[in-house]
Amino acid sequence: MTIEWGRAVQENKKNILDAWMSRSLLLFSGKMAAASPVAEALHQALRMVLDNCEKNSELLTDGLVQLSRILAVQDMPPSQAMSLFFELKKIIPELSLKGSQKQSLKQLDLDALQNRLEELTLKAFDSYMMQREKICQLKLDENKRMLFMQLRRADA
Amino acid sequence: MSKYVPKLSELKQEFEKKKPVLLKEDYSGKEWRDLPVEFRDGNWCFPGKPEVLEDLGFPNPRKWAATDADWQLPDGWEKTIRDGLKSRLKRFRSFKLFLDTCVRCGACADKCHFFLGTGDPKNMPVLRAELIRSVYRNDFPLAEKILKGFSGSRKLTAEVIKEWHLYFNQCTECRRCSVFCPMGIDTAEITMMARELLNLIGVNNNWILAPVSNCNRTGNHLGIEPHTFVQNIESLVEDIEDLTGIKVNPTFNRKGAEILFITPSGDVFGDPGVYTMMGYLLLFHHIGLDYTISTYASEGGNFGMFTSNEMMKKLNAKMYHEAKRLGVKWILGGECGHMWRVVHQYMDTMNGPADFLEEPVSPITGTRFSNAASTKMVHIAEFTADLIYHNKLKLDPKRNDHLLTTFHDSCNVARGMGMFEEPRYVLRSVCNSFHEMAENTIREQTFCCGSGSGLNAEEFMDIRMRGGFPRASAVRQVQETHKVNTLVTICAIDRASLPTLMTYWNPGVSVYGLHELVGNALVMKGEKKRTEDLRESPMTGLGEGEE
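Bear in mind that the values here come from a model prediction, so they are computed numbers and not experimental data.

1. Here's the deal with the interface of chain B and chain A
Here is step 1 of the chain: Contacts between chain B and chain A engage 36 residues on the former and 31 residues on the latter.
Here is step 2 of the chain: For the side of chain B that touches chain A, the secondary-structure elements that each account for two or more residues are α5 (113-118), α13 (226-244), α21 (461-467), α22 (469-482) and α23 (492-505) of chain B.
Here is step 3 of the chain: Here the side of chain B that touches chain A takes five residues from α23 of chain B, the largest share from any one element.
Here is step 4 of the chain: Split by residue class, the side of chain B that touches chain A holds 16 nonpolar, 10 polar and 10 charged.

2. Notes on the sheet that holds strand β5 (residues 405-408) of chain B
All names here are of chain B.
Here is step 1 of the chain: Read from one edge of the open sheet, three strands run β5-β6-β7, paired in parallel fashion. Because the sheet does not close on itself, it has two edges, and the strands there are β5 and β7 (510-513). Recorded for the sheet is a direction-independent mean angle of 35° between the axes of neighbouring strands.

3. What to know about the domain arrangement of chain B
A common measure of how large an interface is: the accessible area buried when the components associate.
Residue and element names in this part refer to chain B.
Here is step 1 of the chain: Taken as a whole, chain B is organised into domain 1 (32-204) and domain 2 (212-521).
Here is step 2 of the chain: In this structure, domain 1 and domain 2 have C-alpha centres spaced 30 Å apart.
Here is step 3 of the chain: The interface is formed by 23 residues belonging to domain 1 together with 28 residues belonging to domain 2.
Here is step 4 of the chain: Put simply, the parts of the chain that give the side of domain 1 that touches domain 2 at least two residues each are α2 (50-56), α5, α10 (176-180) and α11 (187-200).
Here is step 5 of the chain: At five residues, α5 tops the list of elements feeding residues into the side of domain 1 that touches domain 2.
Here is step 6 of the chain: Of the residues contributing to the side of domain 1 that touches domain 2, the split by class is eight nonpolar, nine polar and six charged.

4. Remarks on unusual backbone geometry
All names here are of chain B.
Here is step 1 of the chain: That bond from Asp 271 to Pro 272 is cis: its omega, 10°, falls within 30 degrees of zero.
Here is step 2 of the chain: As for its position among the elements, Pro 272 is in the loop between α14 (266-269) and α15 (273-287).
Here is step 3 of the chain: A cis amide bond links Gly 352 with the next residue in sequence, Pro 353, at an omega value of 0°.
Here is step 4 of the chain: Residue position: Pro 353 is located in the loop between α17 (338-351) and β4 (377-379).
Here is step 5 of the chain: The backbone of Lys 376 shows a phi angle near 65°, a positive value even though the residue is not glycine.

5. Overview of the sheet that holds strand β3 (residues 330-333) of chain B
Residue and element names in this part refer to chain B.
Here is step 1 of the chain: Across the sheet, four strands lie side by side as β2-β1-β3-β4; this open sheet has parallel pairing. Two strands in the sheet have a free side with no partner beyond their single neighbour: β2 (291-293) and β4. Recorded for the sheet is a direction-independent mean angle of 30° between the axes of neighbouring strands.
Here is step 2 of the chain: With three bridges connecting them, β3 and β4 associate as parallel partners. Note on β4: the bridge partner recorded for Ile 331 is Met 377.

6. Quick look at the nonpolar core
Here is step 1 of the chain: Ranked by internal contacts, the top residues of the largest apolar core, which has 188 residues, are Ile 92 of chain A together with Met 278, Leu 427 and Leu 517 of chain B.
Here is step 2 of the chain: Among the domains, domain 1 (32-204) and domain 2 (212-521) of chain B are the pair contributing at least three residues each to this core.
Here is step 3 of the chain: When sequence neighbours within four positions are dropped, the list of residues in contact with Met 278 of chain B reads Leu 236, Asp 239, Ile 240, Gly 519 and Leu 534 of chain B.

7. Looking at helix α1 (residues 4-11) of chain A
Here is step 1 of the chain: All of the buried residues along α1 of chain A are Trp 5, Ala 8 and Val 9 of chain A. Within α1 of chain A, the buried residues cover an arc of 100° as seen down the axis, which keeps them to one side.

8. Section: the confidence of the model for chain B
Do not read the predicted coordinates in detail wherever pLDDT is low.
Here is step 1 of the chain: For chain B, per-residue confidence averages 92 on the pLDDT scale, and residues scoring 70 or more make up 91% of the total.
Here is step 2 of the chain: Overall, residues 19-25 of chain B carries pLDDT values under 50, and its contacts beyond four positions in sequence, including any with other chains, amount to 12 contacts.

9. Description of the packing of helix α6 (residues 125-139) of chain B against helix α9 (residues 158-168) of chain B
All names here are of chain B.
Here is step 1 of the chain: Remark: α6 packs on α9, axes separated minimally by 10 Å, with the N-to-C direction vectors making an angle of 150°. Comparing their axes, α9 and α6 come out roughly antiparallel. With respect to the hand of their crossing, α6 and α9 are arranged in left-handed fashion. Between α6 and α9, the contacting residues are Arg 128, Leu 131, Ile 132 and Val 135 on the first element and Val 160, Glu 163, Trp 164 and Tyr 167 on the second.

10. So, the environment of Asn 456 of chain B
Residue and element names in this part refer to chain B.
Here is step 1 of the chain: Mapped onto the fold, Asn 456 is located in the loop between α20 (421-430) and α21.
Here is step 2 of the chain: Accessibility expressed as a C-beta count within 10 Å gives 24 for Asn 456, which makes it buried.
Here is step 3 of the chain: Each C-alpha atom of the pair Asn 456 and Met 502 lies 14 Å from the other, and the pair is 46 residues apart in sequence.
Here is step 4 of the chain: Among all residues touching Asn 456, those that are not within four sequence positions of it are Trp 207, Ser 451, Ile 493, Ala 496 and Ser 497.

What counts as what
Position labels on residues start from 1 in each chain and follow its written sequence. Written order decides the labels, with chains lettered from A and ligands numbered from 1. Per-residue local features of the predicted model are confined to residues with pLDDT of at least 70, and side-chain atom pairs are confined, for both listing and counting, to 80 or more; whole-chain, interface and lining totals are unaffected and use all residues. Here contacts are defined at the residue level, using C-beta atoms placed from the backbone and a cut-off of 7 Å between them. Put simply, DSSP H or I for four residues or longer makes a helix, DSSP E for two residues or longer makes a strand, and each gets a number counted from the N terminus. The nonpolar class holds Ala, Val, Leu, Ile, Met, Phe, Trp, Tyr, Cys and Pro. Asp, Glu, Lys and Arg form the charged class, and all remaining residues, Gly among them, are polar. Strands pair, by our definition, only if DSSP identifies at least two bridges between them. Note on geometry: axes are C-alpha line fits, over the in-contact stretch for helices, and angles between N-to-C directions span 0 to 180 degrees. As annotated, the domain borders come from an automatic or database domain assignment. Remark: nonpolar core denotes a set of buried Ala, Val, Leu, Ile, Met, Phe, Trp, Tyr and Cys residues whose joining runs through C-beta atoms within 7 Å. The burial label depends on the number of other C-beta atoms within 10 Å of a residue's C-beta. Counts of 20 or more mean buried, 12 or fewer mean exposed, and intermediate counts mean partly exposed, with C-beta atoms placed from the backbone. Think of it as the arc spanned by the lines of direction from the helix axis to the C-beta atoms. Every residue carries a pLDDT, the predictor's confidence in it, which falls somewhere between 0 and 100. If an angle is under 35 degrees, it is roughly parallel; if it is over 145, roughly antiparallel; if it lies from 65 to 115, roughly perpendicular; otherwise it is oblique. A clockwise turn of the near helix away from the far one marks a right-handed crossing, whereas an anticlockwise turn of less than a right angle marks a left-handed crossing.

Right, here's the structure in full:
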């Protein structure tokens, strides 16, 4: 059965995505040009997440990985990066009013949306941490590569 | 506990003072100088260790960090910077010209990989240069002084120094911006000057100064002593014998050899550089080259270039010294980036003329490299391309069929010496699958790896990943459209940093040196059946029992 908030998202996807994107750019404190390749990649990742936000799927995971890969190397704390998802809580009901439904989401739908966004935030946080762990591993691997011949000799 | 975990006090500040609310810090519409300078783990490099500075006789050795409120700048640092700026404006006419002629057209703005990867306006080359130009205007030209309010000038303060340190270390001196500048401004030279000035007051980067100190003492970046340098190469000789059945015979410090071979030391100690070294050794054996390798001039790279003009000159001098001592005819240089900018653009006037050397002539093909008539030093890619052109190499490109390649033009070789075709000619001859990246990301428009000019520090990883994003995006495109799994390059810093960049943004793409692929493809006289490449990975269709 289609969830009401999910239908609202699908019907107003473009507007929601645009609003979410402009809110996301504010994360960068005015230090991110909207037409830059990173902003473009961010837009793609947000779209992928939005397209697949209703239920868990490989595509949703891919979207979250792409998104967190961008966010994990920015000059912002994890809390700020994750606040991105809280924005949807405001944007979706707000923009759904302008859609074909011409009516606001019921409280039940809003509760369902809130629950889903909390799930998504936690999933995104896991993905974000995976990227940070990867950064640590990359540092280690890079050092190992730099000392390749010495380490090889030590093993011998 | 990891040093990267935030301290409790930092967390408190994060939550209490800087609540993670979106619209908190919207600077749109404000002046660039109002944007705060913020050092966080991941966006600054560790400063030079006191003992490193003492070894080099550099000023203001001390323990400090960019996140400290007080950087312990020396007394009278303002005068040091002003005098330093004045002296450089006098000595380097290009620097003065670059500061004076910018019309702020913005053509450079979206050409910088750091701007594209971070979106930070201060990473637009025009604005990065403005960081120093604004001080220059305040202190120097008279008319500008009178028209202060209109000229965008500002006072030199400790905050300005912090800003310089942050942003002139987010420029890899790649010169992509200069390709598009209608005034011909080379922002890389502005960065070089800014870093020189910062070094005068002890604001520096250990990942640059430690290799400089090592080079100064033992001749190479990692500080490998001569006997270890030889042992490393001998160990690679054994690997080659295991893989091919061929015993190659490099010689060291041999007087009377025809050619001195100098390559970045990363090829002698690091992965994947060592496989490129194996490729060189196989090539030289294949053609019977009379060459020697020096344990004194054991580094092609020159981190002096990222420090000061004088240090670059000093570290470079060993190339000619050693060529003269050994009595060779000319020098052959390995795959490196900034080494070639130093060699091609500065060496002759810094440490030449090398009138004790001869104009390079290939002993195999007889080709005269008149383009190297002044420096007497030939790039290995043009040397090999010439060999292939004259049909002097027996190659089996099928041996690289497991590698679906694309080529990354290294900034300094591409833009610094205009070498675009030779590596591609070699690559096409040694493998069957090669796809170019998008046109505006290759050749003279190539994107930097994001870690050049001594910024390959592990603690700088976050910014490196952002700065390398445009290059990674271009690779991703050919990865998706042509299933490319191999990024070939001719620069040691690329070989060190691109594997990390690829693992982060484009898992599944590995990084190779050009001559590693040459080594794979070479059919050596008397070799045993080759089933594995130089990394001991199986070659497609050439395994046991396969034909």
